[in-house]
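Inside the fold
Chain by chain, the residues:
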Amino acid sequence: AARSPQHESHRSIKILVIRESKPPEKMTLPSSLSWKDTVNTLPDLLNEGNTKKISQCCAQLLSKKNGNGSSTDVDENEERLPSNLELVITKIHLRSLLQLGEYSTVLDHCRKNSSGSDPTLNQFAEEEAYALYRLKRYNACREFCENYGIDRKGGVNVSQRGLLHVYAQSLYRLGETRLADEMYRRLLLVGGSDEDEVHVDVDEREDSLSNALANRTANYTSGSLLVYGGERDSKCWLEEDSIILDLLQEYSIGITNDGEEKMDDEDEKVMLQNYDLAYNLATFLLVSSEARPPSVVKQAKELLIHAEKSALTILDTDSNENEESKDDENGGVDAETRKKLQQKKEKQLKQQKELAEQEAGPIRANLAFSNILLGGEENETEALKTYLTMVTKAAKSGKGASTIGTQANLLATASNNLAVLRDGKESVFDVLKRIPVTSSLSVSEDQNSGGGGGAAAVPLVAATPQQVRTALFNRALQLAKMGNSNGCLETLGVLRASLLISSRGDGNCISGAASVSIGGGTASKKNSAKSKKKKGSGSTTAGGAGEDASGKGSSVENDDVPTAKPSSEMEVIAWNARADWLESELLRLSSQGSKPEKKHMDLVNRAIKTLDEAPKSHASDDASGVLPYTKSQILLHCATVDNPQSKPQPLINALESLPSEILSFPGIIVTLATLYGSCNDNSSTTKAEELFASLGDDISAKLALAEFRLAKGRYDDAVKVLDGLAEEDDSMTAKALLVQALSFADPEKAAELANDLEGAEVINYALDGEALESMEIPRFAKKLGASAAEGGSASKVRKLIETTGGKRGSIIG
């Protein structure tokens, strides 16, 4: 169970830049006005931005329309509203109703005024589609867009841009991650071409980018950015967009060669025009951090810091100041009126502060998430404080588990990540209670061991597919630690079943459901043609090879299965392999103390075989890199379990057996080189030198080689590497290491150089892999024991391969 970051709670979706307000109030426009008089008031209302009055004005104008729109309010002698103007007014009216949240009213109007059997003639297609979307009728919205003539392969008609945006969002909500991603790519490019970008409004483009990032993040699986076959592709098309590149350059930190952070003009870069975009970009970078260097995590953290500051500045005092200035211009108001105005202002300010805090909450949660990824006592303490504050506030408010919507999802995220941080410091039972539950099954596992999730369970509300998978896996992991076989197997059953369900449809019907055997490893897909079932009509069996000692199985109703289908078949295979691994751990732990039969290895071998064979049948899947990544996690865990003394040679063998896609990464090469160096024989030292040399002439690679030679007592050889590097490297690291090497090889020269450092602290810098890392190093499932240190392994080796898997669950961002 390698510690792999999982996403979490992305920002509210923006479509057509529509905001919700309270239901409309009555408007005081005189009904006796002619349509010409009434329409003349509309521009002022539009400039004022009073949505309620705009809606009422449009309704009054439409009551005077020509043709079939006769009304008792219209004088027979009065000129009727022209039909060409009627279309414009209707558009404005429908948009204002959408802003007011009157989605059913909009839908009724659109359908009463439809153009008949030809949907392509619908003049209010965008409004109807958006109303369906906001009513959460995603399937209906998708079908409507496709019937209207959305071309899923051809170019983008400019007149269909708004409709395509709504279509993409419906696909995202239905779990059609890849198709939604393609629609967003087309939306941001002319005619589907990668060469010519659409020249559209910047706000619209930023909203599209923000939603595209949310779509990718919500269903991400660790390792899916890697490319099967040895190539590396840690970027997706979104990261090549000019707006994204500019955002990263302008609002991220600079990293010096020794990993120190450097900020330029910090005060000038506080305000973000679109902090939703910054938030979603940072979250995507964090969620996919296993495929990126650690400096990217620092960049994401810096983006979140600016996003939080920007979110807290949304307090709008201009309107209040304008009201006061108008009062002064009009000679002021009496004391009673001024008091009422002051009370109104204070109420508005309080509401704005509450709104600002709500906006900042998810940003703070992911700031804590970045601190967990960065590691270190200080960062983890900061993360712990943030999550404790969120959970404590929810408890004090009296709402707790009854919190709804985004705030409920935020509470679940904080609770899960708090469980990760407290794992090993609290009892397994207490950690389990913190992990959010995804279904009624998730709180029923107290049948055998007396420890279930039923007490003070935190529900996972409004969850993304990745959050669901993470929570289920974490829960199964803790139940395995508790020895609760039934609970663990049931939860794995739900996890496997959820991998087949992308959505429940508008009628709460399950799409893509199929029977799954808990002991069968990869999910069965029999009778796939009959996979769509009505609510409660199917079940998932937990039994077979995975039955507990009592031989009892259990049935999981479809009502208890959340929707969490990954975005590709490769990712489904990878998640099933992880479930197989966890089930094998349950078997291994249950057999401890008895004669070892190694039955658990059957499940492991089957999982690895499936991972090896999958590319043959899914060669075109661009997420195939998830397979070697998952295989590496399993192999490293098994290697550590079989090597409790943490002897170097078994670890070397395990690392060298990793797939070439993973073995080629610098972090693995550094780990291998250091392990070889700890073997203390000439051939191993030579091998270590060769591995360091294979990293090339990069400054960090040279620093790694120099530090290795220092540790081996080869001071003259270290000086040879550091002499030229001290001039090339802008930081103090190379110079400090050179002083250290010279203190043994040439003390006089060392003293002379030390004076030039002007009191800089000379330390033995532990290699952090900053510039070497292009992905997180796969981690072992147990901490290296004291025997490893006694065997001569350097502390940096222990840091590189120390577990967070068997000790911790996965993080939700």
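Residues numbered from 1 in each chain as written. Predicted model: local features only at pLDDT ≥ 70, side-chain atom pairs only at ≥ 80, totals over all residues. Heavy atoms only, no water.

1. Comments concerning the overall build of the protein
Here is the rule we go by: Helix and strand labels come from DSSP, where a helix needs a run of H or I of at least four residues and a strand needs a run of E of at least two; each type is numbered from the N terminus. Only protein chains enter the area calculation, which uses a 1.4 Å probe; residues under 20% of their type maximum are buried, those over 50% are exposed, and those in between are partly exposed. The contact criterion used is simple: two residues touch if any of their non-hydrogen atoms lie within 4.5 Å. Note on areas: Shrake-Rupley, 1.4 Å probe, and residue coverage restricted to the protein chains presented here.
Assigned secondary structure in the protein consists of 32 helices and six strands. In the protein, buried positions account for 51% of the 813 residues. Residue pairs in contact within the protein that sit at least 24 positions apart in sequence constitute 70% of those at least 6 positions apart. Summing over all exposed atoms, the protein offers an accessible surface of approximately 36,500 Å²; the carbon and sulfur share of this is 47%.

2. Thoughts on helix H7 (residues 161-173)
The condition that has to hold: Each residue after the first adds 1.5 Å to the expected span of a helix.
Over its 13 residues, H7 extends 19 Å from the first C-alpha to the last, a length consistent with the 18 Å expected when each residue adds 1.5 Å. Extensive coverage of H7 is indicated by the burial of 12 of its 13 residues. For H7, the complete set of buried residues consists of Arg161, Gly162, Leu163, Leu164, His165, Val166, Tyr167, Ala168, Gln169, Ser170, Leu171 and Tyr172. Tucked inside the fold, the buried residues of H7 contact helix H5 (125-134), helix H6 (138-148), helix H8 (177-187) and helix H9 (202-218).

3. Quick look at H6
Among the residues of H6, those classed as buried are Tyr138, Ala140, Cys141, Arg142, Phe144, Cys145 and Tyr148. Trailing H6 by a residue or two, Gly149 shows a phi angle of about 120°, which is positive.

4. A word on the packing of aromatic side chains
Going by this rule: Each pair of aromatic rings taken from Phe, Tyr and Trp, with Trp reduced to its six-membered ring, is defined by centres within 6.5 Å and is described as stacked if the planes are under 30 degrees apart, edge-to-face if over 60, and tilted in the remaining cases. Note on criteria: charge over ring means Lys NZ or Arg CZ within 6 Å of the ring centre, with the direction from the centre no more than 35 degrees off the ring normal.
For the structure on display, the rule yields eight aromatic pairs. A centroid spacing of 6.5 Å and a plane angle of 75° characterise the contact between Tyr103 and Tyr130, whose relative ring orientation is edge-to-face. Placement of Tyr103 in helix H4 (residues 103-112) and of Tyr130 in helix H5 is noted, with a sequence separation of 27 residues between them. Overall, Tyr103 belongs to the buried group, its relative accessible area being 8%. Consider the rings of Phe473 and Trp575, whose centres lie 6.3 Å apart with planes at 75°: the pair is edge-to-face. Here Trp575 lies in helix H20 (residues 569-590) and Phe473 lies in helix H18 (residues 465-482), a separation of 102 residues in the sequence. Each of the two residues, Phe473 as well as Trp575, counts as buried. By the ring-pair criterion, three or more aromatic residues cluster together here, those being Tyr103, Tyr130, Tyr133 and Tyr138. The ring of Trp575 has Arg578 sitting right over it, with the charged end atom 5.0 Å from the ring centre.

5. Quick word on the side chain of Arg709
Worth spelling out the cut-off: Polar contact criterion, stated in full: a pair of N or O atoms within 3.5 Å, where within protein one must be able to donate a hydrogen and the other to accept it, and residues adjacent in sequence count only if both atoms are side-chain atoms.
With respect to the helices, strands and loops of the structure, Arg709 is situated in helix H27 (residues 699-711). A distance of 3.0 Å separates the side chain of Arg709 from the side chain of Glu689, its partner in a polar contact. In this view, Arg709 contacts Glu689, Arg714, Asp717, Ala718 and Val721; residues no more than four positions away in its chain are not counted.

6. Focus: the nonpolar core
The condition that has to hold: What we call a nonpolar core is a set of buried Ala, Val, Leu, Ile, Met, Phe, Trp, Tyr and Cys residues that are connected through their side-chain atoms within 4.5 Å.
By size, the foremost hydrophobic cluster in this structure holds 89 residues, and its most contacted members are Leu582, Ile634 and Leu722. Setting aside residues up to four positions removed in sequence, Leu722 forms contacts with Leu703, Ala706, Ala734, Leu737, Leu738 and Ala741. If you look at the next biggest cluster of nonpolar residues, it comprises 78 residues, including Leu98, Leu187, Leu272 and Ala307.

7. Observations concerning the confidence of the model for the protein
Put simply, the rule is: pLDDT expresses, on a scale from 0 to 100, how confident the predictor is about each individual residue.
Mean pLDDT over the protein works out to 74, with 66% of the residues at or above the 70 mark. Residue range residues 255-260 is modelled with pLDDT below 50. Its contacts to residues more than four positions away, or to other chains, number 15 contacts. Scored below 50 in pLDDT, residues 441-455 makes 41 contacts in the model with residues more than four places away or belonging to other chains.

8. Describing the packing of H7 against H8
Note the cut-off: Every angle, taken between N-to-C directions, lies between 0 and 180 degrees, and every axis is a line fitted to C-alpha atoms, over only the stretch in contact when it is a helix. Oblique is the label for every angle not falling under 35 degrees (roughly parallel), over 145 degrees (roughly antiparallel), or within 65 to 115 degrees (roughly perpendicular). Take the far helix as your reference; a near helix turned counterclockwise from it by less than a right angle gives a left-handed crossing, and one turned clockwise gives a right-handed crossing. Each residue gets one of three labels, nonpolar for Ala, Val, Leu, Ile, Met, Phe, Trp, Tyr, Cys and Pro, charged for Asp, Glu, Lys and Arg, and polar for the others, Gly among them.
Axis separation between H7 and H8 bottoms out at 8 Å; the angle between their running directions is 160°. Taken together, the axes of H7 and H8 are roughly antiparallel relative to one another. Note that H7 runs across H8; the crossing there is left-handed. For the pair H7 and H8, the contacting residues are Arg161, Leu164, His165, Tyr167, Ala168, Gln169, Leu171 and Tyr172 in the first and Leu179, Ala180, Met183, Tyr184, Arg186 and Leu187 in the second. Tallied by class, residues from the contact of H7 with H8 come to 10 nonpolar, two polar and two charged.

9. Looking at the packing of H18 against H20
Relative to each other, H18 and H20 sit at 10°, their axes nearing to 10 Å. When the axes of H18 and H20 are compared, the pair comes out roughly parallel. When H18 is examined against H20, the residues Arg469, Thr470, Phe473, Ala476, Leu477 and Ala480 are found in contact with a partner set consisting of Trp575, Arg578, Trp581, Leu582, Leu586 and Leu589. Residues that form the contact of H18 with H20 fall into these classes: nine nonpolar, one polar and two charged.

10. Some points on the environment of Ser288
Note on placement: Ser288 falls in the loop between helix H11 (275-287) and helix H12 (294-311). The exposure class assigned to Ser288 is buried, which follows from its relative accessible area of 0%. Taking the C-alpha atoms as reference points, Ser288 and Ser222, 66 residues apart in sequence, are found 6.5 Å from one another. Leaving out residues up to four positions away in the same chain, Ser288 has contacts with Tyr220 and Leu225.

11. Observations concerning the pattern of salt bridges
How we decide: For this analysis, a salt bridge means a side-chain nitrogen from Lys or Arg found within 4 Å of a carboxyl oxygen belonging to Asp or Glu.
Using the criterion set out here, one finds 25 salt bridges in the structure. In this structure, Arg364 engages Glu308 in a salt bridge whose closest nitrogen and oxygen atoms are separated by 2.7 Å. With Arg364 in helix H14 (residues 335-374) and Glu308 in helix H12, this residue pair connects regions lying 56 residues apart in the sequence. A relative accessible area of 17% means that Glu308 is categorised as buried. Between Arg422 and Glu426 there is a salt bridge, with the nearest N and O atoms lying 3.3 Å from each other. One salt-bridge network, in which partners are shared between bridges, spans Glu689, Arg709, Arg714, Asp717 and Lys720.

12. What about unusual backbone geometry?
Of note, the phi angle at Lys136 is positive, near 65°, even though the residue is not glycine. One can find Lys136 in the loop between H5 and H6. The residue Ser646 is not glycine, and still its phi comes out positive at about 55°. Mapped onto the elements, Ser646 comes out in the loop between helix H22 (626-641) and helix H23 (648-656).

13. Here we look at the side chain of Thr630
Within the secondary structure, Thr630 is located in helix H22. Looking at Thr630, the relative accessible area reads 0%, which means it is buried.

14. A look at the environment of Val88
Among the structural elements, Val88 can be located in helix H3 (residues 83-99). Sequence separation between Val88 and Cys58 is 30 residues, and the spatial gap between their C-alpha atoms is 9.8 Å.

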